[in-house]
Amino acid sequence: MEEKNYKAIIEGILFTMGESVELEKIAGVIELDKKKTKTIIEEMMEEWNNSDRGVAIMELDGAYQMCTKPEMYEYLIRIAKQPKRRVLTDVLLETLSIIAYKQPVTKIEIEKIRGVSSDHAVNKLVEYNLVCELGRLDAPGRPLLFGTTEEFLRSFGVHSIDELPVLSPVQVEEFKQEAEEEMHVKLDV
């Protein structure tokens, strides 16, 4: 291998790991002794420090890590403060509506209504802070109970769950008929 490939490999390792990597581990992976590996990393550190890059390699007690240069912190803070755009897929919206109308509700109850596993959807909604754990059901296995959060209310422009739209009995019947027709179509195919 040419020396420039060693630098690329080391850069790839440090970028991918995202945390400090011991010199001996890097040396083992690139199949060089620690002294030669350290020399290559020190060359990289010098090159990166003298360039217009936003990152640098830091030595931390015999290990190395790719880090953002301090002069970039202001920009990192700006980007971190920007609100994250969350996409609510049909699956997430369906799961969220079940939780909103049935809360407090367990994953098992959600899955009975949806007919499929809802672990990923519930976890995503918790991550988005639209849903939270409300406690545990006093039943065998003590399953978690889920409900909506204040963030849910803010996001959907309501002051309380009581303000959610209510379906009329006629709409409920129409939905039931549509669902039954879908089931017959799927069964006939």
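Look a little higher up for the structure.
In every chain, residue numbers begin from 1 and rise along the written sequence. The predicted nature of this model means local features are confined to residues of pLDDT at least 70 and side-chain atom pairs, given and counted, to a pLDDT of 80 or more, with totals for whole chains, interfaces and linings taken over all residues. Only heavy atoms go into the side-chain values, all of them from the structure, while hydrogens and water stay out.

(A) Summary view of the sheet that holds strand β2 (residues 55-60). Being paired, for any two strands, means DSSP has found at least two bridges between them. Secondary structure elements follow DSSP: runs of H or I no shorter than four residues count as helices, runs of E no shorter than two count as strands, and numbering proceeds from the N terminus. What the 3 strands build is an open sheet, ordered β1-β3-β2; its pairing is antiparallel. For this open sheet the edge positions go to β1 (21-22) and β2, each flanked by a neighbour on one side alone. In terms of strand pairing, β2 meets strand β3 (residues 63-68) through 6 bridges, oriented antiparallel. Considered in β3, the bridge of Met-58 is made with Gln-65.

(B) Quick peek at a negative patch on the surface. Exposure above 30% relative accessible area and no salt bridge define the residues that can form patches, which grow by joining like charges within 9 Å and nonpolar side chains of Val, Leu, Ile, Met, Phe, Trp and Tyr within 5 Å. Using a 1.4 Å probe, accessible areas were evaluated by the Shrake-Rupley method; residue-level cover was limited to the displayed protein chains. Whenever a carboxyl oxygen of Asp or Glu lies within 4 Å of a side-chain nitrogen of Lys or Arg, that contact is scored as a salt bridge. Two residue types count as positive, namely Lys and Arg, and two as negative, namely Asp and Glu; His and chain ends fall outside the count. The atom standing in for a charge is NZ when the residue is Lys, CZ when it is Arg, CG when it is Asp and CD when it is Glu. There is a patch of like negative charges on the surface, built from Glu-173, Glu-174, Glu-178, Glu-180, Glu-181 and Glu-182. Its location among the elements puts Glu-182 in helix α9 (residues 169-188).

(C) Summary view of the side chain of Thr-149. Within the fold, Thr-149 resides in the loop between β5 (144-148) and α8 (150-156). In the analysis that follows, any N or O atom pair within 3.5 Å is treated as a polar contact, provided that within protein one partner can donate a hydrogen and the other can accept it, and provided that, for residues neighboring in sequence, both atoms belong to side chains. Here Glu-151 takes part through its backbone nitrogen, which lies 3.3 Å from a polar atom of the side chain of Thr-149. Contact definition: two residues touch when any of their heavy atoms are within 4.5 Å. Beyond its immediate sequence surroundings of up to four residues, Thr-149 is in contact with Asn-129, Leu-130, Val-131 and Cys-132.

(D) A look at the pairing of β3. Pairing between β1 and β3: 2 bridges, direction antiparallel. Note that in β3 the partner of Val-21 across the bridge is Tyr-64. Connecting β2 to the antiparallel partner β3 that follows it, the hairpin turn spans 2 residues, and Asp-61 within it adopts a positive phi of roughly 50°.

(E) Inspection of the nonpolar core at higher detail. What makes a nonpolar core is a set of buried Ala, Val, Leu, Ile, Met, Phe, Trp, Tyr and Cys residues whose side-chain atoms join them at distances within 4.5 Å. Accessible area is worked out with a 1.4 Å probe on protein chains only. A residue is then buried under 20% of its type maximum, exposed over 50%, and partly exposed in between. Core analysis: the biggest nonpolar cluster contains 18 residues, and Leu-96, Ile-99, Ile-110, Leu-125, Leu-130, Val-131 and Phe-152 have the highest contact counts within it. Counting only elements with at least two residues in this core, the list comes to α5 (90-102), α7 (119-127) and α8. Tallying contributions element by element places α5 first for this core, with 5 residues. Setting aside its immediate chain neighbours within four residues, Leu-125 contacts Leu-88, Leu-92, Thr-95, Leu-96, Ile-99, Leu-130 and Val-131. Among the nonpolar cores identified, the runner-up in size contains 16 residues, and Tyr-6, Val-21, Leu-23 and Met-66 belong to it.

(F) Spotlight on the pattern of salt bridges. Inspection of the entire model under this criterion finds 13 salt bridges. We note a salt bridge from Glu-59 to Lys-38, for which the minimum N-O separation is 3.4 Å. Note that Glu-59 is positioned in strand β2 and Lys-38 in helix α3 (residues 34-49), a separation of 21 residues in sequence. The partner of Glu-151 in a salt bridge is Arg-154, with the nearest N and O atoms 3.3 Å apart.

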